[in-house]
Amino acid sequence: MNVSQHIRRSRTVRVSVALLCSAALAACGGQQDEGAHRPAPTTSFTEQGVTVTLSVSDWHASTGTLSAVFTPERKGFHLYSTDLPADGVEGVGRPTAMAVTGAVKAAGRLAASAEVRSIAVPGVEAPVPVYPDGPVTATLPVRADADGDATVLIGYASCSTQDGCTIPVSDRPVHLHVTGDRATFNPH
């Protein structure tokens, strides 16, 4: 066998091996659960200077996690703690809130990704619990007792120590449809 025949045969073997490996990987990929490739359902809205992006993750057997990322549009604005009383502290502030009604129920407590800190507000004797300026992610474990429609109710207020506060948003509805194997946001 001359050198050129050996090189051609060697290339043919390498190409064949590469094609077989590609075919094997493709075949393995076809065996995976279709839901693993499905992106998490999301929706968003902007109201009173804050963009809220909602998503549902890990939805399996009628349970999952509902997440909301609250992003103030202006620099220097913060959100109030989820633990703030519904009427604020001495009337100041509104809690960051997410609740569900309808076919979906909360399966735990609302948790936030940021550390709470206290600030002093002129005219208010007690410290006010807030998150640091910028985005905050809140998560809520949820479950569905049956297939159907649900409503996610969002509440928040943002504030700046220099520029004041925005008008609070209370019980802003976002519609959700759930089945045992999927959750999707509805554009009601």
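Quantities reported herein were computed from a predicted structural model and do not represent experimental measurements. Going along each chain's sequence as written, the residues are numbered from 1 onward. At least 70 in pLDDT is required for a residue's local features to be given in this predicted model, at least 80 for side-chain atom pairs to be given and counted, and no such filter applies to totals for whole chains, interfaces and linings, which use all residues. Side-chain metrics in this entry use all non-hydrogen atoms of the structure; hydrogen atoms and water are not considered.

## Focus on the sheet that holds strand β13 (residues 164-165)
Here is step 1: An order of β4-β12-β13 is seen for the three strands of this open sheet, with the pairing classed as antiparallel. Whereas interior strands pair on both sides, the edge strands pair on one side only; in this sheet they are β4 (78-79) and β13.
Here is step 2: One bridge is not enough; two strands pair if DSSP finds at least two bridges between them. Helix and strand assignments follow DSSP, with helices taken as H or I runs no shorter than four residues and strands as E runs no shorter than two, numbered in order from the N terminus. Inspection of the sheet shows β4 paired to strand β12 (residues 158-160) by two bridges, in the antiparallel sense. Looking at the pairing, Leu 79 lines up with Ser 158 of β12.

## Some thoughts on the nonpolar core
As a rule of thumb, nonpolar side chains are buried together in soluble globular proteins.
Here is step 1: Only buried Ala, Val, Leu, Ile, Met, Phe, Trp, Tyr and Cys residues count toward a nonpolar core, and they belong to the same one when joined by side-chain atoms within 4.5 Å. Buried means the residue's accessible area, taken with a 1.4 Å probe over protein chains only, is under 20% of the maximum for its type, while exposed means over 50%, and partly exposed covers the values in between. Of all hydrophobic cores here, the largest spans 31 residues; its most connected members are Leu 54 and Ile 154.
Here is step 2: Residue assignment for this core shows that the elements contributing at least two residues are β2 (50-60), β3 (63-72), β5 (97-102), β10 (136-144), β11 (148-156), β14 (169-179) and β15 (182-186).
Here is step 3: Every residue pair with non-hydrogen atoms within 4.5 Å of one another is taken to be in contact. The contacts of Ile 154, once residues within four sequence positions are left out, are Phe 45, Val 52, Leu 54, Phe 70, Ala 97, Met 98, Val 169, Ser 170, Asp 171, Arg 172 and Val 174.
Here is step 4: By size, the runner-up hydrophobic cluster in this structure holds ten residues, among which are Tyr 80, Ile 119, Val 124 and Val 128.

## Focus: the state of the cysteines
Here is step 1: Only a pair of cysteine sulfur atoms within 2.5 Å counts as a disulfide in this structure description. For the coordinates displayed, the defined rule picks out one disulfide.
Here is step 2: Here Cys 159 engages in a disulfide with Cys 165; their sulfurs sit 1.6 Å apart. The sign of the S-S torsion, about -55°, decides the handedness of the disulfide formed by Cys 159 and Cys 165: left-handed.
Here is step 3: Under the relative-accessibility criterion, Cys 159 is labelled buried at 7%.
Here is step 4: Look at Cys 165 and you get partly exposed, because its relative accessible area is 47%.

## Remarks on the confidence of the model for the chain
Here is step 1: For every residue, the predictor reports its confidence as pLDDT, a number between 0 and 100. Taken residue by residue, the chain gives an average pLDDT of 83. The fraction at 70 or more is 79%.
Here is step 2: Low confidence marks residues 6-36, where pLDDT is under 50. Its contacts with residues over four positions away, or in another chain, come to three contacts.

## Points about the pattern of salt bridges
Here is step 1: Salt bridge, as used here: a side-chain nitrogen of Lys or Arg that lies within 4 Å of a carboxyl oxygen of Asp or Glu. This structure, assessed with the given rule, holds five salt bridges.
Here is step 2: Ionic pairing is found between Asp 133 and Arg 117, a salt bridge with its closest N-O pair at 3.8 Å. One end of the pair, Asp 133, is in the loop between β9 (128-130) and β10; the other, Arg 117, is in strand β8 (residues 117-119), with 16 residues separating them in the sequence.
Here is step 3: Judged by relative accessible area, Asp 133 falls into the partly exposed class, the value being 41%.
Here is step 4: Of the charged contacts in the structure, one is a salt bridge between Asp 145 and Arg 143, with a shortest N-O distance of 2.6 Å.
Here is step 5: The exposed category is assigned to Asp 145, whose relative accessible area is 58%.
Here is step 6: Given the relative accessible area of 34%, Arg 143 is considered partly exposed.

## Overview of the sheet that holds β15
Strands pair in a sheet through their backbones, by hydrogen bonds, and they do so in one of two ways: parallel or antiparallel.
Here is step 1: Read across the sheet, four strands follow the order β5-β11-β14-β15 without closing on themselves; strand pairing throughout is antiparallel. Every interior strand has two partners, whereas the edge strands, β5 and β15, have only one. Averaged over all pairs of adjacent strands, the angle between strand axes in this sheet comes to 30°, irrespective of strand direction.
Here is step 2: Note: β11 against β14, eight bridges, orientation antiparallel. Bridged to Ile 154 within β14 is Arg 172. All axes here are fitted lines through C-alpha atoms, helices being fitted over the stretch that makes contact, and every angle between N-to-C directions spans 0 to 180 degrees.

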